[in-house]
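Descriptive structure summary
In case you want the letters, here they are:
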Amino acid sequence: MIAVRPIRPGQDSDPGSQMQWPPLPPSLRNHLLGLLVLVLVPTLALGAVAAAHVMRNYQQAVKDGLQDTARALAVAVDRDIEGRLSTLAALAASPRLDGGTAHLDDFAQHARRAAAAIGAAITVIDPDFRLVFHTDLAPGEVLPPTGATEAVRTALATRRPAVSSLLTGVVSGVPVVLVIMPVVRDGTVRMLLAARLAPERLARLLAGQAPSDGGTTAVFDGNRRVVARSTGQADWVGREAPDWLAAALAGGEQGVVTGSTDERGRLLVAYHRLALAPGWAVTVAEPTAVHSPVRTDPALGLALGGLSIFGLGLVAVGGLHRRVVRPIEALTRRAEALVTPGAPAVNPDPAGVAEFERLRRSLLEAEAALQARAAAEARSRNALAESERRYRRLAETGNMVLWRADPEGRLVHSHGWWLLTGQPAEAARGDGWLAMLHAEDAPAMRAIWRAAVAARQPASVECRVRTRLGTLLWVRVRAVPIFDADHDLVEWAGVVEDVDARRRAEQVTRDLLATLDLAAVLERGPDGRIRFWSAGCERLYGWTAAEAIGAPVRDLLRPVFPGPAAAIDEALARTGEWSGELLHHTRTGEERIILCRMVRRPGAEDRPETVLEALMDMTALRRTERALHESESRVLRALDAARIGAWEWDLATDRLTGSPGREEVLLGRPTGFLRYRADALALMHPADRQQVVEAMERIQTGASATLDVEFRIMHSDGGIRWLRSVGRATLGPEGAPQRVSGVSIDVTDQRAARQREVLLAREVDHRAKNALAVVQSVLRLTSMEEPRAYAAAVGARVSALSRAHSLLAREGWAGADLRALIEREVTSQASTSEAVTLDGPELRLAAIAVQPVAMVLHELARNAAQHGPLSRDGGRLRIAWRVGRREWEDGMLRLCWQETGGPAPAAPPAHRGFGLRVIEATIRSQLGGSLEMRWTGTGLDCEIALALARWSAEDADGAQAA
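Residues numbered from 1 in each chain as written. Predicted model: local features only at pLDDT ≥ 70, side-chain atom pairs only at ≥ 80, totals over all residues. Heavy atoms only, no water.

Test applied: UniProt positions are given in the numbering used here, feature names are shortened, and annotations may be inferred rather than shown by experiment.
As named in an unreviewed UniProt entry, the chain is histidine kinase, taken from Paracraurococcus lichenis. The heading Subcellular location (unreviewed entry) in the UniProt record of the chain holds the text "Membrane". What UniProt records for the chain under Catalytic activity (unreviewed entry) is the sentence "ATP + protein L-histidine = ADP + protein N-phospho-L-histidine."

**Section: the overall build of the chain**
For the record, the criterion: Helix numbering and strand numbering both begin at the N terminus, where a helix is a DSSP run of H or I of at least 4 residues and a strand a DSSP run of E of at least 2. Throughout this description, buried means an accessible area under 20% of the type-specific maximum (1.4 Å probe, protein chains only), exposed means over 50%, and partly exposed covers the range between. Throughout, a contact is declared for two residues whenever any of their heavy atoms are within 4.5 Å. The Shrake-Rupley method, run with a 1.4 Å probe, gives the accessible areas here. Residue values count only the displayed protein chains as cover.
A count of helical and extended segments in the chain gives 28 helices and 35 strands. Here the chain holds 962 residues, and 39% of them are scored as buried. When contacts within the chain are restricted to residue pairs at least 6 apart in sequence, long-range pairs at least 24 apart make up 52% of them. When the accessible surface of the chain is totalled, it reaches about 51900 Å², and 56% of it is carbon and sulfur.

**Notes on the sheet that holds strand 32 (residues 876-883)**
Consider a sheet: its strands pair through backbone hydrogen bonds, and that pairing is either parallel or antiparallel. Definition in use: If DSSP finds at least two bridges between two strands, the strands pair. Lines fitted to the C-alpha atoms define the axes, with helices restricted to the stretch that makes contact. Angles between their N-to-C directions range from 0 to 180 degrees.
Spatially, five strands are ordered 30-32-33-35-34 in an open sheet, and the strand pairing comes out mixed. Two strands in the sheet have a free side with no partner beyond their single neighbour: strand 30 (836-839) and strand 34 (930-936). Sheet twist, expressed as the mean angle between neighbouring strand axes with direction ignored, is 10°. As paired strands, strand 33 (residues 892-900) and strand 35 (residues 939-947) are joined by seven bridges and run antiparallel to one another. Bridging across to strand 35, Trp897 finds its partner in Cys942. Across the sheet, helix 24 (residues 818-825) touches strand 30, strand 32 and strand 33, and the angle it forms with strand 32 is around 160°. Contacting strand 34 and strand 35, helix 26 (residues 914-926) crosses the sheet at an angle of about 150° to strand 34.

**Comments concerning the UniProt feature "domain: PAS" (unreviewed entry) in the chain**
Feature annotation in UniProt assigns "domain: PAS" (unreviewed entry) to the following positions: residues 527-559. Annotated as 48% helix and 12% strand, the span residues 527-559 places its first and last C-alpha atoms 16 Å apart.

**Some thoughts on empty space enclosed by the protein**
The following threshold applies: Lining residues are defined by having an atom within 4 Å of a point belonging to a cavity or pocket. Those points lie on a 1 Å grid over the protein atoms alone, cavities being sets where a 1.4 Å probe fits but cannot get out and pockets being open sets with protein on both sides within 12 Å along at least five of seven lines. Grid points are joined across faces, edges and corners, and a volume is the space filled by probe spheres set on the points. Put simply, Ala, Val, Leu, Ile, Met, Phe, Trp, Tyr, Cys and Pro go in the nonpolar bin, Asp, Glu, Lys and Arg in the charged bin, and everything else, Gly too, in the polar bin.
Taken as a whole, this structure holds five cavities of 30 Å³ or more when the rule is applied. Size it by volume and the largest cavity reaches roughly 330 Å³. Those elements giving two or more residues to the lining of the largest cavity turn out to be strand 24 (644-650), helix 19 (662-667), helix 20 (677-683), helix 21 (686-700), strand 26 (706-714) and strand 27 (720-731). Across the lining of the largest cavity, the residue classes tally to 16 nonpolar, three polar and two charged.

**So, the packing of aromatic side chains**
Defined as follows: Whether two aromatic rings pair depends on their centres lying within 6.5 Å, for rings of Phe, Tyr and Trp, where Trp uses its six-membered ring; planes under 30 degrees apart make the pair stacked, over 60 edge-to-face, and the rest tilted. Remark: a charge is flagged as sitting over a ring if the NZ atom of Lys or the CZ atom of Arg is within 6 Å of the ring centre and within 35 degrees of the ring normal.
Taken as a whole and assessed by the stated rule, the structure comprises four aromatic pairs. Ring centres of Phe107 and Phe133 lie 6.3 Å apart, and the angle between their planes is 65°; on these two criteria the pair is classed as edge-to-face. You can see Phe107 sitting in helix 3 (residues 105-118) and its partner Phe133 sitting in strand 4 (residues 131-134), a full 26 residues away along the chain. Given the relative accessible area of 0%, Phe107 is considered buried. Residue classification places Phe133 among the buried positions, given a relative accessible area of 9%. Here the basic side chain of Arg229 rests over the ring of Trp236, its NZ or CZ set 4.1 Å away from the ring centre. The ring of Tyr676 is capped by Arg655, whose NZ or CZ atom sits 5.1 Å from the centre of that ring.

**What to know about the sheet that holds strand 26**
One open sheet holds the five strands; their spatial order is 25-24-28-27-26, and the pairing between them is antiparallel. Across the chains shown, the open sheet's two edge strands, defined by having one partner strand only, are strand 25 (655-658) and strand 26. With strand direction ignored, the average angle separating the axes of adjacent strands in the sheet is 25°. Relative to strand 28 (residues 737-746), strand 27 runs antiparallel, the two being bridged by nine bridges. Across the sheet, the residue bridging to Leu723 is Asp746, located in strand 28. Contacting strand 24, strand 26, strand 27 and strand 28, helix 21 runs over the sheet at an angle of about 155° to strand 26.

**Let's talk about the pattern of salt bridges**
Stated formally: Think of a salt bridge as a Lys or Arg side-chain nitrogen and an Asp or Glu carboxyl oxygen that are within 4 Å of each other.
Here the structure, examined in full by the defined rule, presents 41 salt bridges. Of the charged contacts in the structure, one is a salt bridge between Arg503 and Glu462, with a shortest N-O distance of 2.7 Å. Taken together, the residues Arg503 in helix 13 (residues 500-516) and Glu462 in strand 16 (residues 459-466) connect sequence positions 41 residues apart. In this structure, Arg934 engages Glu932 in a salt bridge whose closest nitrogen and oxygen atoms are separated by 3.4 Å. The exposure class of Arg934 is partly exposed, given its relative accessible area of 41%.

**Concerning helix 5 (residues 199-207)**
Convention followed: It is the directions from the helix axis to the C-beta atoms whose arc is reported.
When we look at burial in helix 5, the residues that qualify are Pro199, Leu202, Ala203 and Leu206. In an axial view of helix 5, the angular spread of the buried residues amounts to 105°, which keeps them on one side of the axis.

**Some details on the environment of Ile713**
Locating Ile713 in the fold gives a position in strand 26. In this structure Ile713 comes out as buried when scored by relative accessible area, which is 2%. With 30 residues separating them in the primary sequence, Ile713 and Leu683 have C-alpha atoms 5.4 Å apart. Not counting residues up to four positions away in its chain, the partners in contact with Ile713 are Leu666, Leu667, Leu683, Met684, His685, Gly719, Ile720, Arg721 and Leu723.

**So, the nonpolar core**
To be explicit about the condition: Definition used in this section: a nonpolar core is a set of buried Ala, Val, Leu, Ile, Met, Phe, Trp, Tyr and Cys residues joined via side-chain atoms within 4.5 Å.
One finds Ile81, Leu88, Phe107, Ile122, Leu193, Leu274 and Trp280 to be the most contacted residues of the largest nonpolar core, which totals 46 residues. Looking at this core, the element that brings in the most residues is helix 2 (residues 28-92), giving 11 residues. Discounting residues that sit within four places of it in the chain, Trp280 has contacts with Val163, Ser164, Ser165, Val177, Leu202, Val219, Phe220, Asp221, Gly222, Val227, Arg273 and Leu274. One finds Leu821, Ala849, Leu916 and Trp951 within the second-largest nonpolar core, a separate group that totals 44 residues.

**Observations concerning the environment of Asp484**
Cut-off, in case you're wondering: Any pair of N or O atoms that falls within 3.5 Å is considered a polar contact. Within protein, one atom must be able to donate a hydrogen and the other to accept it, and sequence-neighbouring residues count only if both atoms are side-chain atoms.
Its place among the elements puts Asp484 in the loop between strand 17 (472-483) and strand 18 (489-498). At a separation of 3.0 Å, a polar atom in the side chain of Asp484 contacts the main-chain amide nitrogen of Asp486. Side-chain polar atoms of Asp484 contact the backbone nitrogen of Asp488, separated by 2.6 Å.

**Quick look at the environment of Trp492**
Positionally, Trp492 belongs in strand 18. Relative accessible area serves as the criterion here: at 0%, Trp492 is assigned to the buried category. In this structure the C-alpha to C-alpha distance between Trp492 and Gly409, which are 83 residues apart in sequence, comes to 6.9 Å. Engagement of the side chain of Trp492 in a polar contact is seen with the backbone oxygen of Pro407, the distance being 3.3 Å.

**Considering unusual backbone geometry**
Backbone geometry places His487, a non-glycine residue, at a positive phi of 65°. Along the chain, His487 turns up in the loop between strand 17 and strand 18. Although it is not a glycine, Arg558 adopts a positive phi angle of roughly 45°. Secondary-structure assignment places Arg558 in the loop between helix 16 (553-557) and helix 17 (565-575).

So this is what it looks like as structure tokens:
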């Protein structure tokens, strides 16, 4: 702040001794450079964050793409293996194998047709690991022992299908993989069927899905050896996986890992385990060098762009400095010349910026005004000195000029006129004194003076007189007639008084009032009537000054006070002022919100007490605030409807704040439940808590400026909801993060929808392939002795598959109700609805179990319709089932099929037909359950037991979620 020291008489008047200036602030050039840096640095920082975010998203997209490819290839390989298992399962159910390994002549031709259909050799292995039949060799040839001893041992032990690791074929002498299916009779494995799976077939499958830019795909067996590869199959088959890849394959079901090889350098590898071949995995690999340009190009572009912008900014700063600083420096030199005695005048050139050009012109005008004022002040000082001498001579009368005139008004004598105007006494006599008046005032003075002389009445006129110094001075000329004793006019006597100071003060007052007219100001007396009404009030309220002055202010404006009016009057009387908002009414009746400041002006001897009121229209501001509040309310309602909660995390206090009601919308908790970060972490699923903590720690350490995590929370209703929280950090003055602002979105429905879509697509694909394989087996294995019976049997079985498929499609491939499945497959075979009785609780079968169970029900119903109770009137069929889900039960689904009233079978069938073999193979081998069948005197009693954990939709989903 500038410190100004006043000059006293006799004190040195050197300008340098009058003012003490503080040090100069930074120059405009430095301010411009600072502005450039202030704008550029956040821009570059935001660009860097965006580039890093893009690179992270790209890397994640690459990993997701490789993982999706590996998952798709694993499904394709599983599908190929499943096709062979379906063929082998159909062969295993053939009655031609009932005689054991010593009677395979009838089976040989059937097996060769199946081998030709799948394009691979089929062999028969006895429980002693010996090959007893090979479709590629003639009967009677000596066959060596099988090389797939581990897979054969596994199939014998589990009575379930198995897939061998890569081995050398004992007949072909080339690398092969065997798909093995046990042949079970009466709960004992009599023999094993094996189909060869050529690695070259898998290599062709992989070659069609290999990624571009040097990527490869491969299949590894349980020993971590290469079975097939999209390129270089002959060179790579049988090679062991690198240690880092072998360790990853032994770990989880799927994942992405990075490692190096001697042949290909650094690799990014995604892997996925096979479902039907334990220990097997499909890998998709890409060189990391393929994606190096994506990581480096954004950073290089950002750096070059930042340098270019900075260079352009410097050029712009230089140009702006020349256009701005030079005019300012010229004006500064001009101003210094004004205050420096003897300094040469500096005339600044016109500026190229409108504001600076106005400043230059204003400075020149101010300089001219200062010069004129200085000259006027010099004249005033001289006149003041002269006036002091004159007033000393006129001290007795207190007037500037004394004069006398004859009865006709002609000047006769004056005392002091010459000292005031410099006009000689002879020249002033008569009407000569009128020549010293201002040209505009002389005619009026002449007329008034003549009228006063004619009327012989006193006169008082104010006019401007030219002084002996050439200046104009306001004076008041007063004249009084002098009468004698006879009341005859003898002469005129008068004085000339100096009123220049008063007239100038009145001009200042008029200027002040004009300034007040710019604002809304009123003055009221103690009676409340308006005494002053500015032009600003006229514009604000609509009444003119003539209409408002004299009117009671409260009657005119009809104010609505925030409290009792008496309290406001009391505050004015006690403190002398009051401020607050009122409601006023305009001339048109419009309501206005007014910010009013009242100041009491105490009265004096020559004036009464008044109150000044300064008024400011706040209507537009308050309407804007109201609109802003309504807008915020709409935003909060929209956030509530979209299940979005806004929040802010203060890193210093660890407190959480945010939009009202966010706890109710997202968590089902009362408002204010989340106060600290620990409160939020306590509600998160334990499996997700660590990743959220790590993301927050990256914000706290400055490693990241953004937060984007998805996690599960425990809702108040006991359910689990998925939330996605996205936020950005705000940095403090020292660059450290201070707070994080963001939103949390409920994404439970979106995640469930995505998961359903993926599962549905896989399930549809799997079911379609499986159905085709079953249909193919039905066509091959159904007896073709009678064409019509063959067509009817095939059509009925395909219709059963079709009905199961339709039921699954109707339920969205999420399983099917057991009762609905039984009604579709069984009750349609009965002649009346009373023939079939169903008894059991509601149960949804898993989608994978619907078609196998449908085939079993169809075969049982077909048998009952042809040979059992549904083949005659009065026959009855009762189907009952129960589930053992309770803690003390066995966790099994038990379905009882009981026939009564049918033809009495003489004995159990000596020959098991295709239907019974399908039932046994499906229940025991495919579904892993148990089957008991008893032929009584009234029909068939059958009991089927299946594990709920695998084949119930609710239990299977729960196990998968766990």
